[in-house]
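Examining the three-dimensional arrangement
The lines below spell out each chain.
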Amino acid sequence: GGVDVLVNYDYLLLGTGSTYSCKPISPTGAHPTLEARATAWEEAAAELRTAESVLVLGGGPVGVELAAEVAAAYPGKRITLLTCGGTLCPTLPARVGTVSATWLQNR
């Protein structure tokens, strides 16, 4: 078994792959049009801007990119990147994960 860890956060980003079945990316009953989705994107961006901390779930390429985008856009924001593996971007050459981890840790 694994170890249970409590992680506090203000904003959650799911970096679990390259397809999205939830708001605000894909149409839903609450956001059926592009205009409605654009409004949801702006609301999500505003929440992210004001969050003190961000939790990114997923250490693959999508999660790493999300964490890097947040780190670049909001220097000093506390970001936690959780992955189930021992390395980042495990489907890519090992150097990618090492360089990604170093870059993120230096931000």
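Our structure is the block above this text.
Residues numbered from 1 in each chain as written. Predicted model: local features only at pLDDT ≥ 70, side-chain atom pairs only at ≥ 80, totals over all residues. Heavy atoms only, no water.

1. Section: the sheet that holds strand 1 (residues 11-14)
Stated precisely, the cut-off is as follows: At least two bridges found by DSSP between two strands is the condition for calling them paired. Only DSSP runs of H or I reaching four residues or more are called helices, and only runs of E reaching two or more are called strands; each is numbered from the N terminus. With axes taken as lines fitted to C-alpha atoms, and helix axes fitted only over the stretch in contact, angles between N-to-C directions fall between 0 and 180 degrees. Whether two residues are in contact is decided by their heavy atoms: any pair within 4.5 Å suffices.
The strand order across the open sheet built from three strands is 1-2-3, with neighbouring strands paired in parallel fashion. The strands lining the two open edges of the sheet, one partner per strand, are strand 1 and strand 3 (78-82). Between one strand and the next, the sheet's axes are offset by a mean angle of 20°, whatever the strand orientation. The pairing of strand 1 with strand 2 (residues 53-57) spans four bridges and is classified as parallel. If you follow leucine 12 over to strand 2, its bridge partner there is leucine 55. Most of the contacts of helix 2 (residues 61-73) go to strand 3, to which it runs at about 175°, and overall it touches strand 1, strand 2 and strand 3.

2. Observations regarding the nonpolar core
What counts, and what does not: For the purposes of this section, nonpolar cores are sets of buried Ala, Val, Leu, Ile, Met, Phe, Trp, Tyr and Cys residues that join through side-chain atoms within 4.5 Å. Classification of residues uses two cut-offs on accessible area relative to the type maximum, computed with a 1.4 Å probe and protein chains only: under 20% is buried, over 50% is exposed, and between them is partly exposed.
Formed by 13 residues in total, the largest nonpolar core has its most connected members in Tyr11, Leu13 and Val54. If you list the elements that add at least two residues to this core, you get strand 1, helix 1 (34-50), strand 2 and helix 2. When near neighbours in sequence (up to four residues on either side) are disregarded, leucine 13 contacts Val54, Leu55, Val56, Leu57, Leu66 and Val70.

3. Focus: helix 2
Going by this rule: One less than the residue count of a helix, multiplied by 1.5 Å, gives the span that helix is expected to have. By definition, the arc is the one covered by directions from the helix axis to the C-beta atoms.
Given a rise of 1.5 Å per residue, 13 residues ought to cover 18 Å, and the 18 Å separating the end C-alpha atoms of helix 2 matches this to within 8%. Regarding helix 2, the residues found buried are Gly63, Val64, Ala67, Val70 and Ala71. Looking straight down helix 2, one finds that the buried residues subtend no more than 130° of arc, so they occupy a single side. Exposed side of helix 2, more than 90 degrees from the buried face: Glu69 and Ala72 are the residues found there. Where helix 2 is buried, its residues touch strand 1, helix 1, strand 2, strand 3 and helix 3 (94-105).

4. A look at the environment of isoleucine 79
As for its position among the elements, isoleucine 79 is in strand 3. Relative accessible area serves as the criterion here: at 26%, isoleucine 79 is assigned to the partly exposed category. Sequence-wise, isoleucine 79 and leucine 12 are 67 residues apart; in three dimensions their C-alpha atoms are separated by 9.9 Å. Residues in contact with isoleucine 79, not counting those within four places in the same chain, are Val54, Val56, Ala67, Val70 and Ala71.

5. Comments concerning the packing of aromatic side chains
When we look at a pair of aromatic rings, we describe it by the centre distance and by the angle of the planes. How we decide: Two aromatic rings from Phe, Tyr or Trp, using only the six-membered ring of Trp, form a pair when their centres are within 6.5 Å; if the ring planes differ by under 30 degrees the pair is stacked, by over 60 it is edge-to-face, and anything between is tilted. Our definition puts a charge over a ring when NZ of Lys or CZ of Arg is within 6 Å of the ring centre and also within 35 degrees of the ring normal.
A full pass over the atoms with the stated rule returns zero aromatic pairs. Note that lysine 77 overlies the ring of tyrosine 74, its terminal NZ or CZ placed 5.1 Å from the centroid.

6. Structural notes on the side chain of lysine 77
Put simply, the rule is: Charged residues are defined narrowly, with Lys and Arg counted positive, Asp and Glu counted negative, and His plus the chain ends left uncounted. Here, a salt bridge means any Lys or Arg side-chain nitrogen found within 4 Å of an Asp or Glu carboxyl oxygen. Polar contact is defined as a pair of N or O atoms within 3.5 Å, subject to the rule that within protein one atom must be able to donate a hydrogen and the other to accept it, and that residues adjacent in sequence are counted only when both atoms are side-chain atoms.
Mapped onto the fold, lysine 77 is located in the loop between helix 2 and strand 3. One buried charge, lysine 77, has no salt-bridge partner; the nearest side chain with opposite charge is aspartate 10, at 7.4 Å. Engagement of the side chain of lysine 77 in a polar contact is seen with the backbone oxygen of alanine 51, the distance being 2.3 Å.

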